[in-house]
Structures are given as structure tokens and as C-alpha cells.
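Listed here are the chains, written in short residue letters.
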Amino acid sequence: MSTLFKGHSLFLIALLLLMSCQKQAPVAAPQPSEAQPADTVLRLALVPNRDCLPFYYAGQSGIFRRLGLHVQITTYRSQLECDTALLGQSADVGWTEPAYLQAYGKKAGRVTTLWQTATAWQLYVPKKLRIAKVKDIAGRTVAASRHSAALTTMEQALKRVGIQLSDVYCTQVNNLKLRTGMLTSGQVDAAMLCWPYGSWASAGGCKVLYTGKAEEKNGCFVAREKWHKLPRASRQVELLQKARNMALDSLRQKGNAAYSAILQREYGLPASVADTIKY
């Protein structure tokens, strides 16, 4: 009797469990309408510099999402690669420099400027080299990039002390992280850097010989002209600017804690530097 009772009990328990499972509503699969249509996504092309940090933060902090703006961010280590995306079909909005646009000639007509920015470029030298003044880099190797605000700033620095660009060996290194590494490792004698890579160089013992004027409009955000003519573009640009302003406010209020992780992930800075530098 005991064995029969146990058998019936197990049967009843199994039956109850089965009935319970049948009463549970199935998990609903995501509906196609919940997915974001590809033609409403704003493709944002960024390079790791000071001007682009607010957009990285807007993406990380959820500002874009709260504004209902769907953004796909792509990071380009070289400005030339970023410009190729902007002048082609793989980006809608992105950062560049007026100096680059001028060099592209008629191709520059493929983009329209949304707003300008100001970046301070600085001339750095390794601590181990006995270079105390700008004139001392004559005959030295300097890392920069062609058709750039960095190169223009370096020319200004040289002219102030009576040196021409032809008096230095200018090597083109478009990747700012790579350029910083070449400077700190002694592969070049000097380099043109901007924030945050200048802070990284300083942490490595490098020193500044010259600082350009930050108020100069040497950077800009542009939109691909064909995209800019789309009906949705005006509203998306408005939201993008609003997101940028909100991000700037947060970056100033929250300080380093707001962007240290971004500097490590997107800019390639070590934690020891990212945790200490100021925006």
C-alpha cells in the first residue's frame, strides 16, 4: 500500500506541474515595430579628441536615448579615415577641420558645416632631449599630419623664432595615440598634440614648447550634404546639439568620474592618466 500511495503521489505532483506550466503565458517575441528602422539612425563619425568627448558621454550616459535620438557612433583613429566616411556614404555627421576641407577642394562641397569648435594644439618634446626652446627643434623630427590645424600651429610657432617648416623633418602620423607613443618612446623628437594626449605626454615627462590659441575656430562638425537635405535631418541636428549641451553641463559638473572610462575605452589612455586629467 505504501508503494502504491507513493506512485499515485508522484503522478499527481507531475500532473499539477504540467497544468501549472500550461497556464503560464508564453514570453512575447519582440515585434518588428520595436526595432529601430535603419533609415532613422544618425551615423556619427568621431575621432578621439576634446571636441568629440561630449558625444561619447551622451551615448554612454543615455542622453541620446532620453531625447529619442538614435545614434550609431563610429570611432576613427585617423582624421583622414573619418573624412573618408563623411565624404562618402558611411557617416551622416562627424568631426573634421576647416584646414582639411580646404585641402579637399570641390569634394568639400559634399558636406555642410553645422558648428565650429576650438582645439588648442601644443608642441611637445621628450624630457630626455635637451630642447628648451622652439628654435631648438630645427633639424629635428616632428610628428604631425598634413593639411591640419596641428601643422598650422607648428608653422606659427616656427615663424615666431625665424624658422621655416622646411627646417624640420615633419613626419605624418595621423593616429594621435600612436603619435603620443612615438613621442614618449623617443621615436620622434617632437610632436603636435591636443587634449587628452597632451596630458598623457605630460604624465610621461614630456614638456610643452608652444601652445596655440584655443579660441581659433580650427575644428568643426559637419553633415553630409545629401543627408542634411532629408526631412528628418533638421530635427536630428537640433537634438544632437541639445545632447551635446547637456553632456557638456554634466562633464563640467561631475568631473573626471564622468569620462575616465571613456578615455580608457575610446581614447586608449591608461587608467593612471584617465583617472587624473581634467576636461
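Predicted model, so just to flag it, every value in this text is computed and none were measured. All residue numbers here refer to positions counted from 1 along the written sequence of the relevant chain. Local features are withheld for residues below a pLDDT of 70 in this predicted model, meaning they are given only at 70 or higher, and side-chain atom pairs are given and counted only at 80 or more; totals for whole chains, interfaces and linings count all residues. Hydrogens and waters are ignored; side-chain quantities use all the structure's heavy atoms.

### Focus on the overall build of the protein chain
- By the criteria applied, helices consist of DSSP H or I runs no shorter than four residues and strands consist of E runs no shorter than two, each listed in order from the N terminus. When helices and strands are tallied, the protein chain shows 12 helices and 10 strands.
- Whether a residue is buried, partly exposed or exposed follows from its accessible area with a 1.4 Å probe, protein chains only, as a fraction of its type maximum: under 20%, in between, or over 50%, in that order. Counting across all 279 residues of the protein chain, residues that qualify as buried make up 44%.
- Across the protein chain, the fraction of contacts at a sequence separation of at least 24, relative to all contacts at a separation of at least 6, is 77%. Whether two residues touch is decided by their heavy atoms; if any such pair falls within 4.5 Å, the residues are in contact.

### A few points about the sheet that holds strand 5 (residues 122-125)
- Pairing between two strands requires that DSSP report at least two bridges joining them. As summarised here, the arrangement of the 5 strands in space is 7-6-8-5-9, forming an open sheet in which the pairing is mixed. Only two strands of the sheet have a single partner each, and these edge strands are strand 7 (169-172) and strand 9 (207-211). Within this sheet the neighbouring strands show an average axis-to-axis angle of 30°, counted without direction.
- The pairing of strand 6 (residues 141-144) with strand 8 (residues 190-193) spans 2 bridges and is parallel. Looking at strand 8, one finds that valine 142 is bridged to alanine 190. A fitted line through C-alpha atoms serves as each axis, taken over the contacting stretch for helices, and the angle formed by two N-to-C directions is quoted from 0 to 180°.

### Overview of unusual backbone geometry
- A cis amide bond links tryptophan 195 to the next residue, proline 196, at an omega of 5°.
- Positive phi, normally seen in glycine, also occurs at histidine 147, with a value near 55°.
- The topology assignment puts histidine 147 in the loop between strand 6 and helix 6 (149-160).
- Classification of histidine 147 by relative accessible area gives partly exposed; the value is 47%.

### Brief notes about the sheet that holds strand 1 (residues 42-46)
- The strand order across the open sheet formed by 5 strands is 2-1-3-10-4, and the pairing between neighbours is mixed. The strands lining the two open edges of the sheet, one partner per strand, are strand 2 (71-75) and strand 4 (111-117). Neighbour-to-neighbour, the strand axes of this sheet turn through a mean angle of 25°, independent of strand direction.
- Note: strand 3 (residues 93-96) against strand 10 (residues 219-224), 4 bridges, orientation antiparallel. Counterpart to glycine 94 in the pairing with strand 10 is valine 222.
- Across the sheet, helix 4 (residues 79-87) lies against strand 1, strand 3, strand 4 and strand 10, angled at about 145° from strand 3, the strand it touches most.

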